[in-house]
Amino acid sequence: EKAGKWEVPLPKVRGVSEAELFKVIKSGKRRKSGWKRMVTKVTYVGEGFTRKPPKFERFIRPMGLRFKKAHTTHPELKATFCLPIIGVKKNPTSPMYTSLGVITKGTVIEVNVSELGLVTQGGKVVWGKYAQVTNNPENDGCINAVLLV
């Protein structure tokens, strides 16, 4: 129900099965081995991410489904900003999806809000804040999120 100490905008979300998220990739000389999985949903990978060699890569995250920015709405300002994503905090469907960086509806992501100029009581500039994804990114081609204030 609560992600940490925040009241999330979407408390209940539909689960995503592994059959829906992964596509089995046949590999090997005769395309016999079914060990690899291709992620079919939107993902986030960090800035300095480098792929493993293809032989040792179990989960393939396609370049076309990797996102760097999210359209984030500030609930009090009622304004939307295109903010860079810092990381995936929690995917409510599965901890494995969180570690893979899969972004589905209801996922809590961390966004960089330094350009908004938010300041704490002590006068320090706020750098990262959590936001919850409110749309299905694989359908829309963009990530829409609401800041958790």
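Our structure is the block above this text.
Reading guide: rules and limits
Residues numbered from 1 in each chain as written. Predicted model: local features only at pLDDT ≥ 70, side-chain atom pairs only at ≥ 80, totals over all residues. Heavy atoms only, no water. Core = buried A, V, L, I, M, F, W, Y, C linked by side-chain atoms within 4.5 Å. Buried < 20%, exposed > 50% of the residue type's maximum accessible area, 1.4 Å probe, protein only. Helix = DSSP H or I, 4+ residues; strand = E, 2+ residues; numbered from the N terminus. Contact = heavy atoms within 4.5 Å. Phe/Tyr/Trp six-rings, centres within 6.5 Å; stacked < 30°, edge-to-face > 60°.

**Things to note about the nonpolar core**
Of all hydrophobic cores here, the largest spans 17 residues; its most connected members are Ile85, Ile103, Ile109, Val111, Val113, Ala131 and Ile143. Among the elements of the structure, strand E7 (79–90), strand E8 (108–112), strand E9 (128–133) and strand E10 (144–147) are those that each provide at least two residues to this core. At 3 residues, E7 tops the list of elements feeding residues into this core. Once residues within four sequence positions are removed from consideration, Ile143 is found in contact with Val42, Phe67, Lys69, Ala70, His71, Ile85, Ile103, Ile109, Val133, Asn135 and Pro137. Formed by 7 residues, the second largest nonpolar core is a distinct cluster that contains Phe22, Val39, Tyr97 and Leu100.

**Comments concerning the packing of aromatic side chains**
Taken as a whole and judged by the stated rule, the model has 2 aromatic pairs. Pairing Phe22 with Phe59 gives two aromatic rings, centres 5.2 Å apart and planes at 35 degrees, and the pair type is tilted. Taken together, the residues Phe22 in strand E3 (residues 22–27) and Phe59 in strand E5 (residues 59–60) connect sequence positions 37 residues apart. Between the aromatic rings of Phe22 and Tyr97, the centroid separation amounts to 6.2 Å while the plane-to-plane angle is 80 degrees, which identifies the pairing as edge-to-face. With a gap of 75 residues between them, Phe22 in strand E3 and Tyr97 in helix H2 (residues 95–100) connect regions that are remote in the sequence. A single burial state applies to Phe22 and to Tyr97, both of which are buried. Joined through ring pairs, the aromatic side chains of Phe22, Phe59 and Tyr97 make up one cluster.

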